[in-house]
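Report on the structure
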Amino acid sequence: MKLAIFTRGLPGSGKSELVKLLQENFNNVGIYSTDELFVIDGEYKFDENKLKEYHQKNFENFVKGLDEKDVVVCDNTNLIFEYVKPYLDAAKKKKFKTILVNFIPDDIKLHFKRNIHNVPIEVLLEMKDNFYKEYSKFERAFDKVIKVSPQDFKKLEKKIEEIKHTLDIIKSKYEFNH
């Protein structure tokens, strides 16, 4: 069975750590992240003028990956459903099982502190609003939804441990359906 995993959450929620673990624990995995297109010589250089172009390029890479990979990961914030829907539709058309890993927002100050792209707190607040405005659309659209709450993170001592817990959930849900 082929698997499409979508991360959804604010910057600083643990999406990148999850993606690293997916790469380490699944064979033939493709990671498709618009943010990675902004990395130049190892440094993240966001340019709002290129955002639309890079989102289109990321989508094209994702669609190509559906033909080449067993596991594809759409590693964006994925906060607005209309932006995610083309990815989701493409994956379903190719008969991929779709899983959403929904990182429930934490205290906005923690997201500000943890996010690696220096997203301003005002933008994080807007993103948090969008997360909840669109929540039910996402819940209904995927084959499986895995919620990762801030309490899950706070119970674990190290960030890597919290992501391993999430990976275990994904693996158990994936293996359950085989």
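Scope of this entry: the structure provided in the associated data block. Bear in mind the structure is a predicted one, so any value in this text is a computation, not a measurement. (Residues numbered from 1 in each chain as written. Predicted model: local features only at pLDDT ≥ 70, side-chain atom pairs only at ≥ 80, totals over all residues. Heavy atoms only, no water.)

Let's talk about helix 2 (residues 51-68)
The first and last C-alpha atoms of helix 2 sit 25 Å apart over 18 residues, in line with the 26 Å expected at 1.5 Å per residue. Turning to helix 2, its buried residues number three or more, namely Tyr-54, Asn-58, Phe-62, Gly-65 and Leu-66. All buried residues of helix 2 project into a common sector of 125 degrees when viewed along the axis, lining one side. With respect to the buried face of helix 2, the exposed residues turned more than 90 degrees away are Lys-52, Glu-53, Lys-64 and Asp-67. Tucked inside the fold, the buried residues of helix 2 contact strand 1 (3-8), strand 2 (29-32), strand 5 (71-75) and helix 3 (81-93). (Helix = DSSP H or I, 4+ residues; strand = E, 2+ residues; numbered from the N terminus. Expected span 1.5 Å × (residues − 1). Buried < 20%, exposed > 50% of the residue type's maximum accessible area, 1.4 Å probe, protein only. Arc of directions from axis to C-beta. Contact = heavy atoms within 4.5 Å.)

As for the layout of surface pockets
Here the largest pocket defines a volume of roughly 1,500 Å³. Lining the largest pocket are 46 residues, and of these Asp-35, Leu-51, His-55, Thr-77 and Met-127 lie nearest its centre. Contributing elements (two or more residues each) for the lining of the largest pocket: helix 1 (15-25), helix 2, helix 3 and helix 5 (121-133). The element that contributes the greatest number of residues to the lining of the largest pocket is helix 1, accounting for six residues. Taken together, the residues that form the lining of the largest pocket break down as 19 nonpolar, 16 polar and eleven charged. (1 Å grid on protein atoms, 1.4 Å probe; cavity = no way out; pocket = protein on both sides within 12 Å on 5 of 7 lines; lining within 4 Å. Points joined across faces, edges and corners; volume = space filled by probe spheres on them. Nonpolar A, V, L, I, M, F, W, Y, C, P; charged D, E, K, R; others polar.)

Regarding the pairing of strand 5
Judged by how many residues are buried, strand 5 sits mostly within the fold: five of five residues are covered. A two-sided burial pattern is seen for strand 5, the buried positions comprising Val-71, Val-73 and Asp-75 on one face and Val-72 and Cys-74 on the other. Summarising the sheet, strand 1 and strand 5 pair through five bridges and their orientation is parallel. Paired with Ile-5 across the two strands is Val-73, which belongs to strand 5. As paired elements, strand 2 and strand 5 share four bridges and run parallel to each other. Bridging from a neighbouring strand, Ile-31 pairs with Val-73 of strand 5. (Pairing = 2+ DSSP bridges.)

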